[in-house]
Amino acid sequence: MLDEIGDMLISDITGKLLKNLGPKLRPNVSTDTWWREIVTPARAAINNAHELIGTPLLRVKPYDQFERIAQDQKRNRHSRIKRKPSNRKWIDAFCNAADPYNAALVRFMFETAARIDQAVSIRPIDLRPDECKVRLKAQKGHPEAWVTVSPEMMAEIEALKPKRPRNRRTGALLDPRVFGYGSSTGYNNRWRTICRRAGIPYLSAHAAGRHGFYTELVVRQQVDPVTAAEAGRWADANLPMRIYAHAEVDEGQIRARFRTKPVHTTTSECAN
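(A) Layout of the overall build of the protein. Scanning the protein for helices and strands turns up 14 helices and three strands. Relative to the globule expectation of 19 Å for 272 residues, the C-alpha radius of gyration of the protein, 24 Å, shows a markedly less compact shape. Every one of the 272 residues in the protein was classed for burial, and the buried ones make up 38%. Looking at the protein alone, contacts between residues at least 24 apart form 53% of all its contacts between residues at least 6 apart. As presented, the protein carries roughly 17100 Å² of accessible surface, and 51% of it is formed by carbon and sulfur atoms. Here the protein contributes 45 positive and 30 negative side-chain charges, whose respective centroids are spaced 5 Å apart.

(B) Up close: the sheet that holds strand β2 (residues 133-136). Strand order across the open sheet formed by three strands is β1-β2-β3, with antiparallel pairing between neighbours. Unpaired on one side and paired on the other, β1 (127-128) and β3 (145-148) mark the two borders of the sheet. Where β1 and β2 come together, two bridges link them in antiparallel fashion. By the bridge assignment for β2, Leu127 is matched with Val134.

(C) Region of the structure containing the nonpolar core. If you look at the biggest cluster of nonpolar residues, it comprises 41 residues, and the most contacted ones within it are Trp90, Phe94, Phe108, Val134, Phe179 and Trp191. Those elements that provide at least two residues to this core are α5 (88-97), α6 (100-112), α7 (116-120), β2, α8 (151-158), α9 (188-198) and α10 (205-220). By residue number, the principal contributor to this core is α6, which donates eight residues. Dropping the residues within four chain positions of it, Trp191 is found in contact with Phe94, Asn102, Leu105, Val106, Met109, Tyr181, Tyr202, Leu203, Ser204, Ala205 and Ala208.

(D) How the structure looks around the pattern of salt bridges. Under the criterion given, the structure shown has twelve salt bridges. Between Glu4 and Lys24 there is a salt bridge, with its nearest N and O atoms 3.0 Å apart. Here the residue Glu4 occupies a position in helix α1 (residues 2-5), and Lys24 occupies one in helix α2 (residues 15-25), the gap between them amounting to 20 residues. The exposure class assigned to Glu4 is partly exposed, which follows from its relative accessible area of 31%. The class of Lys24 is exposed, set by a relative accessible area of 56%. Across the pair Glu67 and Lys19 runs a salt bridge, and its minimum N-O distance is 3.7 Å. Here Lys19 lies in helix α2 and Glu67 lies in helix α4 (residues 65-75), a separation of 48 residues in the sequence. Residue Lys19 is classed as buried on the basis of its relative accessible area of 13%.

(E) Up close: the side chain of Thr112. Within the secondary structure, Thr112 sits in helix α6. Exposure remark for Thr112: the relative accessible area of 3% places this residue in the buried category. Side-chain polar atoms of Thr112 contact the backbone oxygen of Phe108, separated by 2.7 Å. Looking at Thr112, its side chain comes within polar contact range of the main-chain nitrogen of Ala114, at 3.2 Å. Ignoring anything within four residues of it in the chain, the contact list for Thr112 reads Val147, Val149, Phe213, Ala231 and Arg233.

Rules used throughout
- Starting afresh in each chain, residues are numbered from 1 along the sequence in its written order.
- Residues qualify for local features only when their pLDDT is at least 70, as the model is predicted, and side-chain atom pairs are given and counted only at 80 or more; totals for whole chains, interfaces and linings, by contrast, use all residues.
- Think of the side-chain values as coming from all heavy atoms in the structure, minus any hydrogens and water.
- Under the DSSP-based scheme used, a helix requires at least four consecutive residues in state H or I and a strand at least two consecutive residues in state E, with every element numbered from the N terminus.
- Radius of gyration here is computed from C-alpha atoms only, and the compact-globule reference equals 2.2 Å multiplied by the residue count raised to the power 0.38.
- Exposed residues in this analysis have more than 50% of their type's maximum accessible area, buried residues have under 20%, and partly exposed residues fall in between, with area computed by a 1.4 Å probe over protein chains only.
- By definition in these notes, contact holds between two residues if any of their heavy atoms fall within 4.5 Å.
- Residue-level accessible areas treat just the shown protein chains as cover; the underlying method is Shrake-Rupley with a 1.4 Å probe.
- His is not counted, nor are the chain ends, whereas Lys and Arg count as positive and Asp and Glu as negative.
- For charged residues, the charge sits on one atom: NZ in Lys, CZ in Arg, CG in Asp, CD in Glu.
- Criterion used throughout: strands pair if DSSP finds at least two bridges between them.
- Residues belong to one nonpolar core when they are buried, are Ala, Val, Leu, Ile, Met, Phe, Trp, Tyr or Cys, and are joined through side-chain atoms within 4.5 Å.
- Salt bridge, as used here: a side-chain nitrogen of Lys or Arg that lies within 4 Å of a carboxyl oxygen of Asp or Glu.
- We call two N or O atoms a polar contact when they sit within 3.5 Å, provided that within protein one can donate a hydrogen and the other can accept it, with sequence-adjacent residues counted only if both atoms are side-chain atoms.

Okay, structure coming up:
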């Protein structure tokens, strides 16, 4: 990006120019990636200058669905693939094939909607066993919080002997971690092995945790969306309904409702 716009005046940089950098710099990725890796950081730097010295504020219109579909067709790959949430059957199968650390980890995220980075960062000092509370670190604009877990979940966590993982870049030992992982990506290969052993499809920690949590509460148990959003620490109750709630009724069952002959009642029956 510096090669393309580094020497330009801020006033000469437009939203259209930034959006057009995507096809030029990274032609084989999605529009979401263009927005995240090109438009967003450039716009942030420009608007920071606006706050500091009063240069023009830059607003950029997002890529629309037609641009996204056209780029997906060009690269012959779909973006925004719909995630499949976990359910109790998947969780049980996973845990039966997993070691105690990974079994506790997936159950913890399914129960609390914790993000993987929050979960693997939990240290022994982040536990209050007498109160069944676990401290989750601040993330994505949300402050740290103490979340309540079930007594069974707390007992399962307490039974784990904390491990000191190594920093993959430096090799230095980290503080003891409850679930034994040192990074938010360290679980991937292990989970793939567990899923193969259990005969279940691989789900990422996000799909197993936050997606599974919200779909379990709202779709399966019919908890109201506001309560579920608060329990999962979403600030906007509309967001999880758009992203984390997954319908689980087969389309054929919906069509069958229209083929069912309705029962008519007579006027006298209604009056009675």
